[in-house]
Amino acid sequence: MTEDVVAWFNQHTGQNLTPIFNPVLRHAQIPRLELLFGITHGSVMYKWSVDEDNFAMPVRVGTPDTGRSSTHHDWQTMQTQLSKEDFQVATDQY
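As for the environment of H41
Logical step 1: By the secondary structure assignment, H41 is in the loop between β1 (32–37) and β2 (43–49).
Logical step 2: Separated by 40 residues in sequence, H41 and Q81 have C-alpha atoms that sit 8.8 Å apart.

Side note on the packing of helix α1 (residues 2–13) against helix α2 (residues 18–26)
Logical step 1: Contact pair α1 / α2: the axes reach a minimum separation of 10 Å and the direction vectors enclose 155°. Taken together, α1 and α2 sit at an angle that is classed as roughly antiparallel. Note on packing geometry: the crossing formed by α1 with α2 is right-handed. Across the interface between the two elements, T2, E3, V6, F9 and N10 of α1 pack against T18, F21, L25 and R26 of α2.
Logical step 2: Residue composition of the contact of α1 with α2, grouped by class: four nonpolar, three polar and two charged.

Here's the deal with the packing of aromatic side chains
Logical step 1: If you walk through the whole model with that rule in mind, you get four aromatic pairs.
Logical step 2: For the pair W8 and F9, a centre-to-centre distance of 5.1 Å together with 85° between the ring planes defines the contact as edge-to-face.
Logical step 3: A relative accessible area of 46% means that W8 is categorised as partly exposed.
Logical step 4: Given the relative accessible area of 31%, F9 is considered partly exposed.
Logical step 5: Between the aromatic rings of W48 and F55, the centroid separation amounts to 5.5 Å while the plane-to-plane angle is 75°, which identifies the pairing as edge-to-face. Each member of the pair, W48 together with F55, is buried.
Logical step 6: Through pairs of rings, three or more aromatic residues link up here, namely W8, F9 and F21.

What counts as what
- Residues numbered from 1 in each chain as written.
- Predicted model: local features only at pLDDT ≥ 70, side-chain atom pairs only at ≥ 80, totals over all residues.
- Heavy atoms only, no water.
- Helix = DSSP H or I, 4+ residues; strand = E, 2+ residues; numbered from the N terminus.
- Axes fitted to C-alpha atoms, helices over the stretch in contact; angles between N-to-C directions.
- Parallel < 35°, antiparallel > 145°, perpendicular 65-115°, else oblique.
- Left-handed = near helix turned anticlockwise from the far one by under 90°.
- Contact = heavy atoms within 4.5 Å.
- Nonpolar A, V, L, I, M, F, W, Y, C, P; charged D, E, K, R; others polar.
- Phe/Tyr/Trp six-rings, centres within 6.5 Å; stacked < 30°, edge-to-face > 60°.
- Buried < 20%, exposed > 50% of the residue type's maximum accessible area, 1.4 Å probe, protein only.

By themselves, these are just geometric observations and shouldn't be taken as functional.
Quick look at the structure:
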């Protein structure tokens, strides 16, 4: 059962991962990372677009060595001199 799998991961990681599972298992829209460039010069805004209030999944944005982690579904702003083409999202770490 789905609940058994989620409970197993929660128990074995010692974390409540239910909000990470819920968007994939119980909502039509899967989590999507949104990026907005050029709102103000030298900045980028980012957030998770997700139908789960407690969703918090880390993802590294910017560059591999100087990037920042985003975990929330509220807009966050990052100062950067990176162009849209050079800005990276570490999709292979999670």
